[in-house]
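Fold and contact review
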Amino acid sequence: VQAAVPAGAPVEESFRSDYLFVLAGRDAPAARADVATLGAERWLGAGWLASATGYLRRSTGTLVPDPTPGPLRERPLFVGGVNTARGTEVSLRRLAGRWTGSAAYSWGASEMEAEGRRFPAPWDQRHVLDLTTQLRTGRWNLGAAFTAASGTPYTTTFQGKVSCEGPARCAWDREPWAAEPGARRLPGYLSLDLLAEWHRSYRAWDMSVFVQVHNATNHPNPGRYNGFGGEYCSGRCYDFATEEFTAGLPAFPVIGVRAVF
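This write-up is about the structure you can find in this document. In this text, all values refer to a predicted model and were calculated from it rather than measured experimentally.

1. Remarks on the overall build of the protein chain
When you go through the protein chain residue by residue, the secondary structure sums to zero helices and 21 strands. Pairs at least 24 residues apart make up 60% of the contacts formed inside the protein chain by residues separated by at least 6 positions.

Here you go:
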């Protein structure tokens, strides 16, 4: 079973076909993935653990929107594609002691092939860096987490415009269309999260009070792509300033109390 994701930008006011699921059978292929993974770990002194992992993956029968550039009318709901991916990840973690932390870096590449075209997969994210640290001192825990990642691809789409003279008397002024698949990328992702926690143990239960700040630097981090907001054109006459995205999460605090019995 796979979700069917439509071509073009999502339309929030109406039914979205990515809530439909397609059962493998006569009209849809069955998804199959072949994965090879090789990894190793090694302790480096007391409390330090280093690891490295590499992987290869080939998935067939993946349902994707038709990637052909041009008008979006009269297209099939989905086409079958092949996804190939490869990547490596290295990490170093300190697992014991008053101070703990980790550093991890991953590189990966994921490509789709469908309808005779090869293009970056929507989830292709070439570089990701994760850093975490926590200090335990007395009744306090102080921590931070930082993530930096390169942007993911998206396909520029224009929703089109319709004029209606009455019920069931509508015509396209400008047809919806899609540009080259995965030809543009979101800006890089950055997020810094901070944590301060005070805790105390009683006879039969523990209590803690914590304050977290998510995205402390208030980096914009645009979210889901919502379409091209400029004037209609059939060539590359658009730029990032006219693309529309769901706003990312701003900096915001979280305050809580936790009790464990």
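There is more to say, and it comes next.
2. What about the pattern of salt bridges?
Tallied over the full model, the rule gives eleven salt bridges. The residue Arg32 makes a salt bridge to Asp34 at a minimum N-O spacing of 3.4 Å. By relative accessible area, which is 56% here, Arg32 ends up exposed. Close ionic contact of Glu41 with Arg93 constitutes a salt bridge, the shortest N to O distance being 3.8 Å. Of this pair, Glu41 sits in strand 3 (residues 32–43) while Arg93 sits in strand 6 (residues 79–94), and the two are 52 residues apart along the sequence. The exposure class assigned to Glu41 is exposed, which follows from its relative accessible area of 57%. On the accessibility criterion, Arg93 (29% relative accessible area) is partly exposed. Beyond isolated ion pairs, a larger network of salt bridges with shared partners links Glu111, Glu113 and Arg118.

3. Considerations on the environment of Gly61
Checked against the element boundaries, Gly61 lands in strand 4 (residues 48–64). For the pair Gly61 and Ala30, spaced 31 residues apart in sequence, the C-alpha separation works out to 5.6 Å. If we ignore the near neighbours within four places in the chain, the residues touching Gly61 are Gln2, Pro29, Ala30, Ala31 and Gly81.

4. A closer look at the state of the cysteines
Using the criterion set out here, one finds one disulfide in the structure. What pairs with Cys164 in a disulfide is Cys170, and their sulfur atoms sit 1.9 Å apart. Linking Cys164 and Cys170, the disulfide has an S-S dihedral of approximately 110 degrees and is accordingly described as right-handed. Relative accessible area serves as the criterion here: at 49%, Cys164 is assigned to the partly exposed category. You can call Cys170 partly exposed: its relative accessible area is 44%.

5. Thoughts on a nonpolar patch on the surface
Taken together, the side chains of Val90, Tyr105, Leu129 and Leu131 make up a nonpolar region of the molecular surface, amounting to roughly 300 Å² of accessible area. We classify Tyr105 as partly exposed; its relative accessible area is 36%.

6. Notes on the nonpolar core
Formed by Tyr154, Phe158, Trp177, Ala179, Leu186, Tyr225, Phe228 and Phe245, the largest nonpolar core amounts to eight residues. Membership of the second largest hydrophobic core comes to six residues, among which are Val64, Val79, Met112 and Phe119.

7. Details of unusual backbone geometry
The backbone phi angle of Glu74 is positive, close to 55 degrees, even though this residue is not glycine. Here Glu74 is to be found in the loop between strand 5 (70–71) and strand 6. Residue Glu74 is classed as exposed on the basis of its relative accessible area of 76%. Located in the positive-phi region is Asn221, a residue other than glycine, with phi close to 40 degrees. The exposure class assigned to Asn221 is buried, which follows from its relative accessible area of 7%.

8. Some details on the packing of aromatic side chains
The tally for this structure, following the rule as stated, stands at seven aromatic pairs. Aromatic side chains Phe158 and Trp177 sit 6.5 Å apart centroid to centroid with 20 degrees between the ring planes, which places their arrangement in the stacked category. Residue Phe158 is found in strand 12 (residues 157–158), and its partner Trp177 is found in strand 15 (residues 177–178); the two are separated by 19 residues along the sequence. This pair shows no difference in class: Phe158 is buried, exactly as Trp177 is. By way of ring pairs, the aromatic residues Tyr154, Tyr225 and Phe245 are connected into one cluster.

9. Overview of the environment of Arg169
Turning to its location among the elements, Arg169 is positioned in strand 14 (residues 169–174). Arg169 gets classed as exposed once you look at its relative accessible area, which sits at 54%. Those residues in contact with Arg169, other than ones at most four positions away along the chain, are Ser163 and Cys164.

Criteria and thresholds
One numbering rule holds for all chains: residues counted from 1, following each sequence as written. Reporting in this predicted model follows two pLDDT cut-offs: at least 70 for local features of residues, and 80 or more for side-chain atom pairs to be given and counted; totals over whole chains, interfaces and linings ignore these cut-offs and use all residues. With hydrogens and water stripped out, all remaining heavy atoms of the structure feed into the side-chain values. The helix count covers DSSP runs of H or I at least four residues long, the strand count covers runs of E at least two residues long, and both are numbered beginning at the N terminus. Residue contacts are defined here by distance: any two heavy atoms, one from each residue, within 4.5 Å place the two residues in contact. Basic side-chain nitrogens of Lys or Arg form a salt bridge, by our definition, when they fall within 4 Å of a carboxyl oxygen of Asp or Glu. To sort residues, take the accessible area from a 1.4 Å probe on protein chains only and compare it with the maximum for the residue type: under 20% means buried, over 50% means exposed, and anything in between is partly exposed. Disulfide: a pair of cysteine sulfur atoms within 2.5 Å of each other. Put simply, a patch holds well-exposed residues, over 30% relative accessible area, that have no salt bridge, with like charges counted together within 9 Å and Val, Leu, Ile, Met, Phe, Trp or Tyr side chains within 5 Å. The accessible surface values rely on the Shrake-Rupley method and a 1.4 Å probe; as for residues, cover is taken only from the protein chains in view. Note on terminology: a nonpolar core comprises buried Ala, Val, Leu, Ile, Met, Phe, Trp, Tyr and Cys residues joined through side-chain atoms within 4.5 Å. Note on aromatic pairs: the rings of Phe, Tyr and Trp (six-membered ring only in Trp) are paired at centre separations within 6.5 Å, and the planes decide the class, stacked below 30 degrees, edge-to-face beyond 60, tilted for the rest.

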